[in-house]
Amino acid sequence: MNVVYVTGNPGKAKYFNKLIGLDIPHHSADVDEIQSLDTKDIAIHKAKQAYDQIKKPVIVEDTCLYIDTLNGLPGPFIKWFEITLGMDAICRLADSDPVRAGVASNIHIYYDGHQSVIFRGSLSGTISQRPKGTVGFGFNPIFIPAGKTQTLAEMSENEFIKEYLKIKPLMKVKEFLLNIDKDQA
């Protein structure tokens, strides 16, 4: 397959391949992450920079956590909120909302030097009172999918994957890659 998954996290790349069921090579490219509230702009910028470095079609992604009471923040800045404030403090940011509503979302971008193909996924839910669980990474210990009582990090592997695939549109990415591979054969 003539595409490279670009991330600085080898564990994330391994998990991507496991869930997508394809053997996509991984490359860590040194790309700037522009500051924007529009995750599409961030991901397209990363994809174009990665393509310019690698000279092959790339897939990049960006994941967000929106907290309703914060008018959508931290959104694409969730990583920096996690690093700077920590999970407990992020939970406190949702305290002013009795519902504690939030949305986890993800965008994957395929870029081949000419066209960008965008894949989006999202899942409504709530922000927990405190971090709980150990499955996964990132905001998983504080996000409870709608209709569930556990954070993503508290779920069994199978439950987690089912919810995770609502956030991450990996089956759409897989279908696209298989079709593109047929076209190139």
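Residues numbered from 1 in each chain as written. Predicted model: local features only at pLDDT ≥ 70, side-chain atom pairs only at ≥ 80, totals over all residues. Heavy atoms only, no water.

**Here's the deal with the overall build of the chain**
Within the chain, the secondary structure is distributed over six helices and seven strands. Tracing the chain from N to C terminus, the helices and strands come up as β-α-β-α-β-β-α-α-β-β-β-α-α. Scaling as 2.2 N^0.38, a compact globule of 185 residues should have a C-alpha radius of gyration of about 16 Å, and the chain matches this with 17 Å. Taken along the three principal axes of its C-alpha coordinates, the chain extends 55 × 35 × 20 Å. Taken across its 185 residues, the chain has 46% of its residues classed as buried. Long-range contacts, defined here as pairs at least 24 residues apart, represent 54% of the contacts in the chain between residues at least 6 apart. With an accessible surface of roughly 9200 Å², the chain has 51% of that area assigned to carbon and sulfur atoms. In the chain, which carries 21 positive and 22 negative side-chain charges, the distance between the mean positions of the two groups comes to 4 Å. (Helix = DSSP H or I, 4+ residues; strand = E, 2+ residues; numbered from the N terminus. Rg over C-alpha atoms; globule rule 2.2 N^0.38 Å. Buried < 20%, exposed > 50% of the residue type's maximum accessible area, 1.4 Å probe, protein only. Contact = heavy atoms within 4.5 Å. Areas by Shrake-Rupley, 256 points an atom, 1.4 Å probe, with all protein chains shown as cover. Lys, Arg positive; Asp, Glu negative; His and termini not counted. Charge placed at Lys NZ, Arg CZ, Asp CG, Glu CD.)

**Section: helix α2 (residues 39–54)**
In this model α2 runs 22 Å from its N-terminal to its C-terminal C-alpha over 16 residues, within 8% of the 22 Å that 1.5 Å per residue would give. Looking at α2, one finds that the buried residues are Thr 39, Ile 42, Ala 43, Ile 44, Lys 46, Ala 47, Ala 50, Tyr 51 and Ile 54. Next to the buried residues of α2 lie β1 (4–6), β2 (26–27), β3 (58–67), β5 (101–111) and β6 (116–127). Of the residues flanking the start of α2, the one acting as N-cap is Asp 38, its side-chain oxygen 2.9 Å from the backbone nitrogen of Lys 40. Following α2 by one or two positions, Lys 55 has its phi on the positive side, about 65 degrees. (Expected span 1.5 Å × (residues − 1). Polar contact = N/O pair within 3.5 Å; in protein donor to acceptor, adjacent residues only side chain to side chain.)

**Looking at the confidence of the model for the chain**
Residues at a pLDDT of 70 or more form 97% of the chain, whose mean pLDDT is 92. Taking the mean pLDDT of every element in the chain, the minimum, 85, falls on helix α6 (residues 170–184) and the maximum, 98, on strand β7 (residues 143–145). (pLDDT = per-residue confidence, 0-100.)

**As for the packing of aromatic side chains**
Taken as a whole, this structure holds eight aromatic pairs when the rule is applied. On the basis of an interplanar angle of 10 degrees and a centroid distance of 4.0 Å, the ring pair of Tyr 5 and Phe 16 is categorised as stacked. Taken together, the residues Tyr 5 in strand β1 and Phe 16 in helix α1 (residues 10–20) connect sequence positions eleven residues apart. According to the relative accessible area criterion, Phe 16 is buried, its value standing at 4%. Grouping aromatic residues by their ring pairs yields a cluster made of Tyr 15, Phe 160 and Tyr 164. (Phe/Tyr/Trp six-rings, centres within 6.5 Å; stacked < 30°, edge-to-face > 60°.)

**Focus: the nonpolar core**
In this structure, Tyr 110 and Leu 177 are the most contacted members of the largest nonpolar core, which totals 37 residues. Listing elements by their share of this core, those giving two or more residues are α1, β3, α4 (87–93), β5, β6, α5 (157–167) and α6. Residues within four places of Leu 177 in sequence aside, it is in contact with Met 1, Val 3, Ile 20, Leu 22, Ile 24, Ile 59 and Tyr 110. Ala 29, Ala 47, Ile 54 and Val 60 belong to the second largest nonpolar core, which has 14 residues in total. (Core = buried A, V, L, I, M, F, W, Y, C linked by side-chain atoms within 4.5 Å.)

**Things to note about the packing of α1 against α5**
α5 packs onto α1 with a crossing angle of 90 degrees between their chain directions and a minimal axis gap of 12 Å. When the interaxial angle is binned, α1 and α5 end up roughly perpendicular. Contacts between α1 and α5 involve Tyr 15, Lys 18 and Leu 19 on the former and, on the latter, Glu 157, Phe 160, Ile 161, Tyr 164 and Leu 165. Classifying every residue of the contact of α1 with α5 gives six nonpolar, no polar and two charged. (Axes fitted to C-alpha atoms, helices over the stretch in contact; angles between N-to-C directions. Parallel < 35°, antiparallel > 145°, perpendicular 65-115°, else oblique. Nonpolar A, V, L, I, M, F, W, Y, C, P; charged D, E, K, R; others polar.)

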